[in-house]
Amino acid sequence: LALVMSMSLVTISNAAFKDADKISNKEAVDVMAAVGVLAGYDNGEFGATDTLTRAQACKIIAYLDLGGKTADAIKGTGTVFSDVKATSWYAGYVEYCAGAGYVAGVGGGKFDPDAKVTGVQFAKMLLCALGYKSDVEGYTGADYTIAIARDANKNDLFNGLSIVTSANLTREQAAQMALNALKADVVEYKGGTNVSTSDGTKVVINAERSTVANDKYDYRVKTAYDAKKDNTVQQLCEKLYGKDLKGIEDKDAFGRKAIVWSYKNDEVGTYATDSADYTYYGAVSGKTLFKDLGLAASTKYTLTVDGSKSEKTGSEIKALAKDLGGYSYIVEVTVDDKDITVITIEYKLAQVSKVTKAKDGDKRSITVGGKTYETESFAKDDYVLYTVDKNGKIQSVQLAEKVTGKVTAVKGDKLTIDGTTYKFNAGGKDILTTTDNIL
C-alpha cells in the first residue's frame, strides 16, 4: 500500500462542496459559487465533471445578467418553445435568454433543454452577456463557429482550459469560462444598418463597437506587486457586481503571486496565479539548478528562497552547501531574467483524528496532525496530505490516493508495486518522490 499525492497549485478557499477535492478549476468554481451563479446539488456535491445542459447554461447566463433573485422571479410562459413548459424549472431562464438573443431553438419550435452544451455554444452566450451582438459579429450562418471562436479567444474565454470547443462542456469548465468572462471588457455599439442576406439571415452592418467606459473603480484593487489597474474600461464583473466583487493581486502564504477574491467583504479564497518554470519533487541541489536553469558561472543573480533574498554568482549557486527542499517537498522555481525565486512546500501525511461539525451546519473542521482545518470534504480516519505555511497554519488538505498491488521489490528507500517504483522515507511518516509519482 502506498499513498500518492496529486500535483497542483495549492489554493486556500472557503468552498464547502463535499467533492471539493475532485474540482480542478477551484478558483472559478469558488468565485462563481460565491456570487451565486453556480450552486451544487442537493447532496452537497458540485459535480465538476458532469456535462452542462442547455437549460443549465441559460440559468447561468440569466444569473450573470440579472442576479439570482431577479432571474428566479421570471415566470416562463410556455409559449416560446414547445418542449419548454411554463412549469419547467428552467422555463424563465430559457425564455429570457431566447428573448435576449443569446440562444435559439434547434428547429421545429423546440429548444431541447437537456441537450449538452459545447464550448463554442457557451462562448456565444458569454459574448452576448459581454455586449457582443450576434447579428453584428456574424454569430449566425454557416461560419458562425469561426466568428465566435475569434471573439472568444480575443476575450480569453478559454484561458485555463485545454478543450476542443466543439466538445461537450463540463460544469467546472463552464465555471472557468464564466470567470474569464467576468474579467473581460464590456462592449457597446453605435450606428449600423439592418440588412437581410440572400438566405434570409438578418445582419447589421457598419455598426461601431467600443468598450464601455468606467472611471469609478476597478475590481483589481490596490495590489502588492506589478499593479495593472484600469479605471477607464468596464469589465463584466464591475457591471454586474460593482464594488462587491474584488480580486486583490497579492502573494499567497508561500510567497507566490496570487489573487485573493472576496465578495461583499467575505473572502472567497486565495489562488496562486503563476505556474513555476521548474518544479522538483524532493531535494534539489545547487548543481541541479545551475544545470537546468542554464546559469553562467560568473554572472550575479538575485536568489530568493522562501522570502530570503541574497546575491550569488552562478558558481555560488552551483556550490550551495545545503539542498533546497527535501523529502516530502515540492520545490517551485521561477526565473525572471537574473531573478531566481525558489518556493519550497512541504506535504505531510496524516490521518484525520477528529471531525467537528459547525453549529450553523455550513462548515466543519477536521483535526490533522494536531491542527484544525475547515472543510466539508473529509471524514474521520481518512488519510490526507496537507501543507503548512511558515507560520504553521494549514493551507491545503487533500485526500491521499491509495495504490494497491503486488510488491515485487523492496530495496533501500525504494518500493516496487506492479512494476512501478516508488520512494519512501525510512520513518514512513512523509510523502516522498519518484521519477513519475509522489509518495
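Refer to the structure printed above.
Just so it is clear, the model here is predicted, and its values are computed rather than measured.

(A) Representation of the pattern of salt bridges within the structure. For the structure on display, the rule yields eight salt bridges. With its nearest N and O atoms 3.0 Å apart, the salt bridge here joins R256 to D252. Ionic pairing is found between R256 and E332, a salt bridge with its closest N-O pair at 3.1 Å. Pair noted here: R256 is in the loop between β7 (245-251) and β8 (257-263) and E332 is in strand β13 (residues 324-336), with a separation of 76 residues, a long-range link. With a relative accessible area of 10%, E332 lands in the buried category.

(B) Structural view of the packing of helix α2 (residues 54-66) against helix α5 (residues 119-129). Where α2 contacts α5, the axes come no closer than 10 Å and their chain directions differ by 15 degrees. Here α2 lies roughly parallel to α5, going by the angle between them. Considering the relative orientation of α2 and α5, their crossing is right-handed. Contacts from A57, C58, I60, I61, L64 and D65 in α2 reach F122, M125, L126 and A129 in α5. Here the residues of the contact of α2 with α5 are counted per class, giving nine nonpolar, no polar and one charged.

(C) Spotlight on a negative patch on the surface. On the surface, D274, D277, E311, D336, D337 and D339 cluster together into a patch of negative charge. Turning to its location among the elements, D336 is positioned in strand β13.

(D) Main features of helix α8 (residues 171-182). Over its twelve residues, α8 extends 17 Å from the first C-alpha to the last, a length consistent with the 16 Å expected when each residue adds 1.5 Å. Extensive coverage of α8 is indicated by the burial of twelve of its twelve residues. Within α8 the residues assigned to the buried category are R171, E172, Q173, A174, A175, Q176, M177, A178, L179, N180, A181 and L182.

(E) Highlighting the pairing of strand β9 (residues 266-272). When you tally the buried positions in β9, you get five out of seven residues, the bulk of the element. Judged from the six bridges that link them, β8 and β9 form a sheet pairing that is antiparallel. Among the inter-strand pairings, V260 is bridged to a residue of β9, identified as T270.

Criteria and cut-off values
All residue numbers refer to position in the chain's written sequence, counted from 1. Residues qualify for local features only when their pLDDT is at least 70, as the model is predicted, and side-chain atom pairs are given and counted only at 80 or more; totals for whole chains, interfaces and linings, by contrast, use all residues. Side-chain descriptors were evaluated using all non-hydrogen atoms of the structure, hydrogens and water having been removed beforehand. For this document, the term salt bridge refers to a Lys or Arg side-chain nitrogen within 4 Å of an Asp or Glu carboxyl oxygen. Helix and strand definitions follow DSSP, with helices as H or I runs of at least four residues and strands as E runs of at least two, each counted in order from the N terminus. Whether a residue is buried, partly exposed or exposed follows from its accessible area with a 1.4 Å probe, protein chains only, as a fraction of its type maximum: under 20%, in between, or over 50%, in that order. Simply put, an axis is a line fit to the C-alpha atoms, just over the touching stretch for a helix, and the angle between two N-to-C directions goes from 0 to 180 degrees. With respect to orientation, any angle under 35 degrees is reported as roughly parallel, any angle over 145 as roughly antiparallel, any angle of 65 to 115 as roughly perpendicular, and every other angle as oblique. If you view the pair so one helix is near and one far, a crossing is left-handed when the near helix is turned anticlockwise from the far one by less than a right angle, and right-handed when it is turned clockwise. The contact rule is simple, with two residues in contact once any of their heavy atoms fall within 4.5 Å. Three classes are used: nonpolar for Ala, Val, Leu, Ile, Met, Phe, Trp, Tyr, Cys and Pro, charged for Asp, Glu, Lys and Arg, and polar for all others, with Gly counted as polar. Each patch groups residues whose relative accessible area exceeds 30% and which form no salt bridge, using 9 Å between like charges and 5 Å between nonpolar side chains of Val, Leu, Ile, Met, Phe, Trp and Tyr. In this description, accessible areas are obtained by the Shrake-Rupley approach with a 1.4 Å probe, and a residue is regarded as covered only by the protein chains that are shown. Residues scored as charged are limited to Lys and Arg (positive) and Asp and Glu (negative), so that His and the chain ends carry no count. Charge coordinates come from a single atom per side chain, which is NZ of Lys, CZ of Arg, CG of Asp or CD of Glu. A helix is expected to span 1.5 Å for every residue after the first. When DSSP locates at least two bridges between a pair of strands, those strands are taken to pair.

Read these as geometric descriptors, not functional statements.
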